[in-house]
Amino acid sequence: MAYVVTQDCIKCKYTDCVEVCPVDCFYEGEDFLVINPDECIDCGVCEPECPADAIIADNNPLFTKRLLDINDKMSQIWPVIVEQIDPLPDADAWNPQKGYKEDKTHLLDKFDKE
């Protein structure tokens, strides 16, 4: 099983997940985190920690190959993050769990091109 970070992390970038990860498999972009699927040990401790509910397993109906590919590709480019940092300033306003209603899937488009 693999875990991935979904588009719901974009413009939030909470790092509660990073703090609990035993293998340091999270990587940090400007407004988004990803998981390196080859480094993830599939323990699942990160999933319930995300305030945006933006981490899913590959058996989740929302899982897509696109998400897996983006997580894999960006984890090869971005630096590893091993300590919790403050979320982005407008994180709560962009958080679907706190009322943000729009689908953020289109925000993944720029990662397809990088």
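Because the structure is predicted, anything quoted here is derived from the model rather than measured. (Residues numbered from 1 in each chain as written. Predicted model: local features only at pLDDT ≥ 70, side-chain atom pairs only at ≥ 80, totals over all residues. Heavy atoms only, no water.)

### Quick notes on the layout of surface pockets
Its volume calculated, the largest pocket comes out at about 240 Å³. Along the walls of the largest pocket sit 17 residues, with Thr 6, Gln 7, Asp 8, Ile 56 and Leu 62 positioned nearest its centre. Among the elements of the structure, strand 4 (55-57) and helix 2 (65-75) are those that each provide at least two residues to the lining of the largest pocket. A breakdown of the residues in the lining of the largest pocket according to their chemical character gives seven nonpolar, six polar and four charged. (1 Å grid on protein atoms, 1.4 Å probe; cavity = no way out; pocket = protein on both sides within 12 Å on 5 of 7 lines; lining within 4 Å. Points joined across faces, edges and corners; volume = space filled by probe spheres on them. Helix = DSSP H or I, 4+ residues; strand = E, 2+ residues; numbered from the N terminus. Nonpolar A, V, L, I, M, F, W, Y, C, P; charged D, E, K, R; others polar.)

### Things to note about unusual backbone geometry
Residues other than glycine seldom take positive phi values, yet Lys 13 does so here, at roughly 50°. Within the secondary structure, Lys 13 is located in the loop between strand 1 (3-5) and helix 1 (16-20). Overall, the relative accessible area of 6% leaves Lys 13 in the buried class. Unlike most non-glycine residues, Asp 24 shows phi in positive territory, near 55°. Relative to the helices and strands, Asp 24 resides in the loop between helix 1 and strand 2 (26-28). (Buried < 20%, exposed > 50% of the residue type's maximum accessible area, 1.4 Å probe, protein only.)

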